[in-house]
Amino acid sequence: METLVACPTSTVTILACQKIAKTFKENIYELSRVRDEWDPDFATSLNIWIEDTIEKHYQENVNAWDKERYREWHEIMVAGLQSLKILRASIKVDFKNDKPFLNDFFEKMGYEEYFSDAKNGDHLSLFKFLVHFEKNLDNETRKKIVAKGTLDSIFDKILDSAKKIKDFKKCFEALESDAQLNTYGQKEVEQIYSTIQDICRIAIAYYQFDPIKRDEFNFYKVLVNL
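Residues numbered from 1 in each chain as written. Predicted model: local features only at pLDDT ≥ 70, side-chain atom pairs only at ≥ 80, totals over all residues. Heavy atoms only, no water.

Draft legend 1. Up close: the side chain of threonine 141. Tracing the backbone shows threonine 141 in helix 8 (residues 139-147). With a relative accessible area of 16%, threonine 141 lands in the buried category. With residues up to four places along the chain from it excluded, the contact list for threonine 141 reads Phe101, Phe105 and Lys108. (Helix = DSSP H or I, 4+ residues; strand = E, 2+ residues; numbered from the N terminus. Buried < 20%, exposed > 50% of the residue type's maximum accessible area, 1.4 Å probe, protein only. Contact = heavy atoms within 4.5 Å.)

Right under this line is the structure:
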C-alpha cells in the first residue's frame, strides 16, 4: 500500500511550500510593510523549518516521487476547478435577476465556503469543494440551470473530477488527521501548509496588480512548474 508520505498530495505540497517560502524570503523587505511579524528572521526561520521537514520526512520522496501519478492528480484538480469556475460565471449571467437562487445555489454547493481558497491554489479546499458539490447536486437544480443555457457537460466534468479525485482521498485526509500526521511526519506539513496558505492569501492581495509576482504565490501556478 502506498505510504501517505509518498502521496503526491503530500510530496508536492511540501515542494510547493518550499518554493513559495523562498519567494517570500526574496521579497521580505517589501512584504514586511504588510504584516508586523513578517521580517527577515521570520522568513529565514520559515525556510529552515521547511528544509528540515523535507530532510527528516521527505528526502527519498522528493528525489524519487511518482511524477506520472502527480500529473494525473494535477490534471484532475485543474479540470475540476476550471469547470467549477465556468459554471459559476455562467450561472451568474443566467440568473442575474434571481438573486435568491444564486445565493442559495452558491451556499448549498460549497461555493461560499470553498471557492475563494480553491481558486487561489488551496488544493485541500478544492478537494472538499468537489466532494461537497457531488454530494449536494440534485437533478432538479441541474435541469433548471441547463434550461437557461449552461451545457450539461459542465456538470459531467465536475462530477467526473469529483469521482476521480476520490482515488487520492487518503492523501488529502492525511493533511487533517492527527494520528496519520504524527505517524508520517504529516503534522509538520499541515502546519507549514497552513502558514504558507496564510502568506499566499495576503501576498496575492498585495500583488493584485502585479500578475507575475501574484502567480508566484498561487499554489496551482507553482505546482505546474514543479
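Draft legend 2. Inspection of helix 6 (residues 111-119) at higher detail. Those residues of helix 6 that sit buried are Tyr111, Tyr114, Phe115, Asp117 and Ala118. Of the residues trailing helix 6, glycine 121 is marked for its positive phi of about 105°.

Draft legend 3. Representation of the side chain of threonine 150. For threonine 150, the position within the fold is in the loop between helix 8 and helix 9 (152-165). Threonine 150 sits in the buried class, given a relative accessible area of 5%. Separated by 2.6 Å, the side chains of threonine 150 and serine 90 make a polar contact. Ignoring anything within four residues of it in the chain, the contact list for threonine 150 reads Leu87, Ser90, Asp94, Ile145 and Phe155. (Polar contact = N/O pair within 3.5 Å; in protein donor to acceptor, adjacent residues only side chain to side chain.)

Draft legend 4. The nonpolar core, seen in detail. Core analysis: the largest hydrophobic core is formed by 61 residues, its most contacted members being Leu87, Phe105, Tyr111, Phe133, Ile196 and Phe217. Setting aside residues no more than four positions away along its own chain, phenylalanine 105 makes contact with Leu87, Ile91, Tyr111, Phe133, Thr141 and Ile145. (Core = buried A, V, L, I, M, F, W, Y, C linked by side-chain atoms within 4.5 Å.)

Draft legend 5. Molecular detail of the pattern of salt bridges. For the structure shown, the criterion picks out 10 salt bridges. We note a salt bridge from arginine 142 to aspartate 152, for which the minimum N-O separation is 2.8 Å. One end of the pair, arginine 142, is in helix 8; the other, aspartate 152, is in helix 9, and 10 residues separate them in sequence. Classification of arginine 142 by relative accessible area gives buried; the value is 13%. A salt bridge links lysine 164 to aspartate 160; the nearest nitrogen and oxygen atoms lie 3.1 Å apart. With lysine 164 and aspartate 160 both in helix 9 and four residues apart, this pair spans about one turn of that helix. Looking at aspartate 160, the relative accessible area reads 35%, which means it is partly exposed. (Salt bridge = Lys/Arg side-chain N within 4 Å of Asp/Glu carboxyl O.)

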